[in-house]
Amino acid sequence: MKKIFSSIAALFICSAIFFACKKSEVNNPAQEGQTLLSLKAPNGVQIAQSTAELKSLIASSINRKFQTDNLEYNITNIKYSITKSGGVISDIEYKTKDGMITNVVLMQGVKEKITSTGDVKVVIDDKYIQNYPSTEASMMSVHKYSCSGSECCKVHALEHPDGSVDVDCSCSGCTMTIE
């Protein structure tokens, strides 16, 4: 009888520990749709100190794309490419509150020839840049590329073997903005 009671007590304790661990996993933001993102490229270049800083850096491009002052979105993925000169191309994917998935491409320290094709406009200053100024550290040779238009409009950057980089939009009817 004592063995049965000990076994039941051990089972109860193990169950309590198991459910306590499961509860802490549910409260973990990584489990609630927030992906743990690496803000450091494989070559060690830090694109931002925090996700909040990265969101501030790309806010002008995103809000311009959606013609709003404060779009709610979550960054879902970051893909890195390192250029021959040691520059970093960061493809930052994000999802809006209403479920649209799109991206912004950041280029930091890229010294190779960059060719942008399609309907391209360069923005030096507008209300979106004024509303979301970049920090001094993040402005160091950073260029932002985004595509506006239909839902299929995403920006692509392709590095060629000679080091040159082509940037374009994924479908016709898009406008690429370079900041």
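Above this text you will find the structure in question.
Reading the values: the criteria
- Residue positions within a chain follow its written sequence, with the count starting from 1.
- The predicted nature of this model means local features are confined to residues of pLDDT at least 70 and side-chain atom pairs, given and counted, to a pLDDT of 80 or more, with totals for whole chains, interfaces and linings taken over all residues.
- Excluding hydrogens and water, the side-chain values take into account all heavy atoms of the structure.
- The numbering of helices and of strands both runs from the N terminus, where a helix is a DSSP run of H or I of at least 4 residues and a strand a run of E of at least 2.
- As used in this structure description, the phrase polar contact means that two N or O atoms lie within 3.5 Å; if the pair is within protein, one of them must be able to donate a hydrogen and the other to accept it, and residues adjacent in sequence are counted only when both atoms belong to side chains.
- Cysteine sulfur atoms that come within 2.5 Å of each other are treated as a disulfide pair.
- Summary of the burial criterion: residues with accessible area below 20% of their type's maximum are buried, those above 50% are exposed, and those between are partly exposed, where the area comes from a 1.4 Å probe applied to protein chains only.
- If DSSP finds at least two bridges between two strands, the strands pair.
- Each axis is a line fitted through C-alpha atoms, and for a helix only the stretch in contact is used; angles between axes span 0 to 180 degrees, taken between their N-to-C directions.
- Centres within 6.5 Å make a pair out of two Phe, Tyr or Trp rings, where for Trp the six-membered ring is used; the pair is then stacked when the planes are under 30 degrees apart, edge-to-face when over 60, and tilted otherwise.
- Charge-over-ring contacts are defined here by two conditions on Lys NZ or Arg CZ: a distance within 6 Å of the ring centre and an angle within 35 degrees of the ring normal.
- Positive: Lys, Arg. Negative: Asp, Glu. His and the chain ends are not part of the count.
- Salt bridges are identified by distance alone: a Lys or Arg side-chain nitrogen within 4 Å of an Asp or Glu carboxyl oxygen.
- Residue contacts follow a heavy-atom distance rule, with two residues in contact if any of their heavy atoms lie within 4.5 Å.

## Some details on the side chain of E179
Position of E179 among the secondary structure elements: in the segment after β9 (175–178). A distance of 2.7 Å separates polar atoms of two side chains, one belonging to E179 and the other to S60.

## A few points about the state of the cysteines
Where two cysteines share a covalent bond between their sulfur atoms, that bond is called a disulfide. Going through the model one piece at a time under the given rule, you end up with three disulfides. Between the sulfur of C152 and that of C171 lies a disulfide, 1.9 Å long from S to S. Because the sign of the S-S torsion sets the handedness, a value of about 95 degrees for the bond joining C152 and C171 places this disulfide among the right-handed ones. Taken together, the residues span a long stretch of sequence, with C152 in the loop between β6 (142–148) and β7 (155–159) and C171 in the loop between β8 (165–169) and β9 at a distance of 19 residues. Exposure remark for C152: the relative accessible area of 39% places this residue in the partly exposed category. In this model, C153 is linked to C174 through a disulfide, with the two sulfur atoms separated by 2.0 Å.

## Points about the pairing of β9
Judged from the four bridges that link them, strand β5 (residues 119–122) and β9 form a sheet pairing that is parallel. Paired with D119 across the bridge in β9 is T175. Here four bridges tie β6 to β9, and the two strands are oriented antiparallel to one another. Among the inter-strand pairings, S148 is bridged to a residue of β9, identified as T175.

## As for the sheet that holds strand β4 (residues 114–116)
If you trace the three strands from one edge of the open sheet to the other, you get β4-β8-β7, paired in mixed fashion. This sheet does not close on itself; its edge strands, each paired only once, are β4 and β7. Between one strand axis and the next, the sheet turns through 20 degrees on average, direction left out of account.

## Focus: the packing of aromatic side chains
Evaluation of the coordinates by the stated rule reveals one aromatic pair. Across from the ring centre of Y73, 4.6 Å away, lies the NZ or CZ of K55, which sits over that ring.

## Concerning the sheet that holds strand β3 (residues 101–108)
The strand order across the open sheet formed by six strands is β1-β2-β3-β6-β9-β5, and the pairing between neighbours is mixed. Of all strands in the sheet, those with a lone pairing partner are β1 (73–82) and β5, marking the two edges. Averaged over all pairs of adjacent strands, the angle between their axes in this sheet comes to 20 degrees, without regard to strand direction. For β3 and β6, the ladder comprises four bridges, and the chain directions are antiparallel. Bridging across to β6, V105 finds its partner in Y145.

## Comments concerning the side chain of K65
Tracing the backbone shows K65 in helix α2 (residues 51–66). Among buried charged residues, K65 stands out as having no salt bridge; its nearest opposite-charge side chain is E151, 9.8 Å away. Here C153 takes part through its backbone oxygen, which lies 2.9 Å from a polar atom of the side chain of K65. Beyond its immediate sequence surroundings of up to four residues, K65 is in contact with Y94, M100, T102, C147, S148 and C153.

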